[in-house]
Amino acid sequence: MSARAPWFLEATEAAPSDLISCQEAHTSSALPLVCKRFHRLWNTSQLRWATLNLDPAALQRRLETLPAEEQDAALAALLRVLCMRAQATTRLWLHSNSPQLLPLAQLLELVSPHLQQVFIGQVACRSTLPLLQRFSHLRALDIPACAYEHIEWEAEAHLLTDFIGLQELTLRDGGLSNALLGVVAQLRGLKLLSVATAEPLPSRFHLEVGKLVSLEELDLYFVPAFAHRLFEVLPVAFRGLTRLRTLYILAPNPLKEHVFIGPGLADLPALQDLQIRCQLEQVPSDLWMCGQLTKLDLEPRQQQGGSMGVVSPPSGIHMPALQDLRMARCRFPGATLPLPFCDLAGLTRLAVMHCGLGGDATAPGLPLQFTCLSRLASLSLEGNGLTSVPPGLVAVSTLRVLDLSCNSLTSLPPGPYLSTLELLSISWNCFVRVPAMLCCAHACEVLDLSLNPQLELSRADVEDTLLRMPRLGLLLLGKWPGCTAALNWRTDSVAALVCLAQQRPHLEVDFEHTAAEYDNLPLG
């Protein structure tokens, strides 16, 4: 029986993504958003077994695969493990319900009364709220809204108000009824409200959410199922939310949803983090006047006909606090970053990704005034189809991180931009040898040359370039994984790698990953 125990331990200890992989038939497209938050809670926990990740239906199916003579003993062992884990948990991730294995009411009886956070999966028991009433310390609740609509909400929705300590509420996988909105509006202690809906927001939504005076984060996730839909977000109704610091407006499918964001963003006094990733009707009129923003993520997605959202800010951008700006799949006039962005003096991190920037005299990509960004430490120009490094970048002398991946570069020009770099990614380009100018990157610690299919190394590359990078600790050289023998390293390259290993025995060379796949590297 001891041989069976590790399986039970894994079944209740696994990270959320491990169990999600076996739940594909039941999960919704909103789950990545939920998962992101749950992983954040997971990673901040310092308690052993603080999170109980449970899929009773999957456990039942697993038990049924065992020989009949072993099932009773295996079930007894499983229940012992569940009892031990449940008594120590403060977070419960419940994917399903299995009355044959253990009725939900009995399972929750095993759980510690100090339970603080609960995720209820789509296929879990619908009458869950009454069973959760014993957990007076509950702070975060994540439930599928479609399981509590119409008649069921009339009977159970009012129970939400009994959780007097509730601070985070996530409603997934359905529309929002008026009954539900009325209950949510009474949760005046809410700090986070996350809504994933397939239907346009009802007319009362903005009015009711505007009553949540303690709200600090609002996540709106639009997941239309069939026909094209127009979703409206009216920030002007949130003017009274004086604590709202984070607003996410996300839609995963650029072919179905259209989102209109009305005026009022500049009137949210505490807003610091704004993320807009959806097919916009137009960029919000007052977006560039949000003087309190410190982080902006703008991805207007493709419009009908294959064109992209045009981003052309006015000459006077008033965003003095902005430090982190990410723009993806935008279109700029003249294929060049508009000049007003160079006035963002406090910017430390900038990503301009898949925006079709130029890189020549007719379309320089970055204006020469780009050097005015004197605090810029991280820059990503990923996926812009660059054939040369924009002249406006060459003179920048403050960068520590530079991502030029997924372009068509064949060389790097000399310039101050190399001297301060600690991380340089030039993966997915057209380099055939190590750029000679890298010998000037004396501070570089991570160099990503992966996925350059024609790249080969020579002893000259090693001796004249790589060995002149004294701080280099990680070198990424993986070939294009889709190609085979034709792109294997040639004999000269192997000899150069042997020479490098002899000269730099402590240098780590990775042939399998890119820099973007390292969690601790500041890319993206």
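Residues numbered from 1 in each chain as written. Predicted model: local features only at pLDDT ≥ 70, side-chain atom pairs only at ≥ 80, totals over all residues. Heavy atoms only, no water.

## Re the overall build of the protein
Point 1. Assigned secondary structure in the protein consists of 12 helices and 22 strands.
Point 2. Classification of the 524 residues of the protein by burial places 54% in the buried group.
Point 3. Considering only contacts within the protein whose residues lie at least 6 apart along the sequence, 64% involve residues at least 24 apart.
Point 4. Total accessible area on the protein is roughly 22500 Å²; 54% of this is exposed by carbon and sulfur atoms. (Helix = DSSP H or I, 4+ residues; strand = E, 2+ residues; numbered from the N terminus. Buried < 20%, exposed > 50% of the residue type's maximum accessible area, 1.4 Å probe, protein only. Contact = heavy atoms within 4.5 Å. Areas by Shrake-Rupley, 256 points an atom, 1.4 Å probe, with all protein chains shown as cover.)

## Details of unusual backbone geometry
Point 1. In the Ramachandran plot, Arg-329 falls in the positive-phi region, its phi being about 55 degrees despite a non-glycine side chain.
Point 2. Assignment of secondary structure puts Arg-329 in the loop between β14 (324-328) and β15 (330-331).
Point 3. Here the phi dihedral of Ala-335 falls at roughly 55 degrees; this positive angle occurs in a residue that is not glycine.
Point 4. With respect to the helices, strands and loops of the structure, Ala-335 is situated in the loop between β15 and β16 (349-353).

## Thoughts on the pairing of strand β6 (residues 192-197)
Point 1. Across the six residues of β6, six count as buried, placing the element largely inside the fold.
Point 2. The side-chain alternation of β6 yields two buried faces, one formed by Leu-192, Ser-194 and Ala-196 and the other by Leu-193, Val-195 and Thr-197.
Point 3. When strand β5 (residues 168-172) meets β6, the two strands line up parallel, connected through four bridges. By the bridge assignment, Leu-169 is partnered in β6 with Leu-193.
Point 4. Relative to strand β7 (residues 217-222), β6 runs parallel, the two being bridged by six bridges. (Pairing = 2+ DSSP bridges.)

## Digging into the pattern of salt bridges
Point 1. Taken as a whole and assessed by the stated rule, the structure comprises 17 salt bridges.
Point 2. Ionic pairing is found between Asp-142 and Arg-172, a salt bridge with its closest N-O pair at 2.4 Å. Within this pair, whereas Asp-142 is found in strand β4 (residues 140-144), its partner Arg-172 is found in strand β5, the two being separated by 30 residues in sequence.
Point 3. The structure contains a network of salt bridges with shared partners spanning Arg-277, Asp-297, Glu-299, Arg-326 and Arg-329. (Salt bridge = Lys/Arg side-chain N within 4 Å of Asp/Glu carboxyl O.)

## A closer look at the packing of aromatic side chains
The geometry of an aromatic ring pair is captured by two quantities: the separation of the ring centres and the angle between the planes.
Point 1. For the coordinates displayed, the defined rule picks out four aromatic pairs.
Point 2. Centroid distance Trp-93 to Phe-119: 4.1 Å. Interplanar angle 15 degrees. Geometry classified as stacked. Remark: Phe-119 occurs in strand β3 (residues 117-123) and Trp-93 occurs in strand β2 (residues 91-96); sequence separation between them is 26 residues.
Point 3. Under the relative-accessibility criterion, Trp-93 is labelled buried at 0%.
Point 4. Centre to centre, the rings of Phe-222 and Phe-231 are 4.4 Å apart; their planes meet at 20 degrees, and the pair counts as stacked. Here Phe-222 and Phe-231 have matching classes, each one buried.
Point 5. Taking NZ or CZ as reference, Lys-479 lies 4.2 Å from the ring centre of Trp-489, over its face. (Phe/Tyr/Trp six-rings, centres within 6.5 Å; stacked < 30°, edge-to-face > 60°. Lys NZ or Arg CZ within 6 Å of the ring centre and 35° of its normal.)

## Some details on the confidence of the model for the protein
Point 1. Scored by pLDDT, the protein has a mean of 82; 82% of the residues are at 70 or more.
Point 2. Within the model, pLDDT remains below 50 along residues 1-49, and this stretch shows 92 contacts once partners closer than five positions in the same chain are excluded.
Point 3. Note on residues 304-308: pLDDT under 50 across the span, and 13 contacts to partners over four residues away in sequence or across chains. (pLDDT = per-residue confidence, 0-100.)

## Some details on helix α12 (residues 491-503)
Point 1. Between its first and last C-alpha, α12 extends 19 Å over 13 residues, near the 18 Å set by a 1.5 Å rise per residue.
Point 2. Looking at the packing, one finds that the buried side of α12 touches α11 (459-464) and β21 (474-476). (Expected span 1.5 Å × (residues − 1).)

## Quick notes on the pairing of β4
Side chains on a regular strand alternate between the two faces of the sheet.
Point 1. Most of β4 sits out of view: five of its five residues are buried.
Point 2. Here β4 shows no split at all, with Ala-140, Asp-142 and Pro-144 on one side and Leu-141 and Ile-143 on the other all buried.
Point 3. For β4 and β5, the ladder comprises five bridges, and the chain directions are parallel. Its bridge partner being in β5, Asp-142 is matched across the sheet by Thr-170.

## A closer look at helix α5 (residues 68-88)
Point 1. Relative to the 30 Å expected for 21 residues at 1.5 Å per residue, α5 spans 31 Å between its end C-alpha atoms, a close match to the ideal helical length.
Point 2. When we look at burial in α5, the residues that qualify are Ala-74, Ala-77, Leu-78, Val-81, Leu-82, Arg-85 and Ala-86.

## Topic: the environment of Arg-326
Point 1. When you line up the elements, Arg-326 lands in strand β14.
Point 2. Here Asp-297 takes part through its side chain, which lies 2.9 Å from a polar atom of the side chain of Arg-326. (Polar contact = N/O pair within 3.5 Å; in protein donor to acceptor, adjacent residues only side chain to side chain.)

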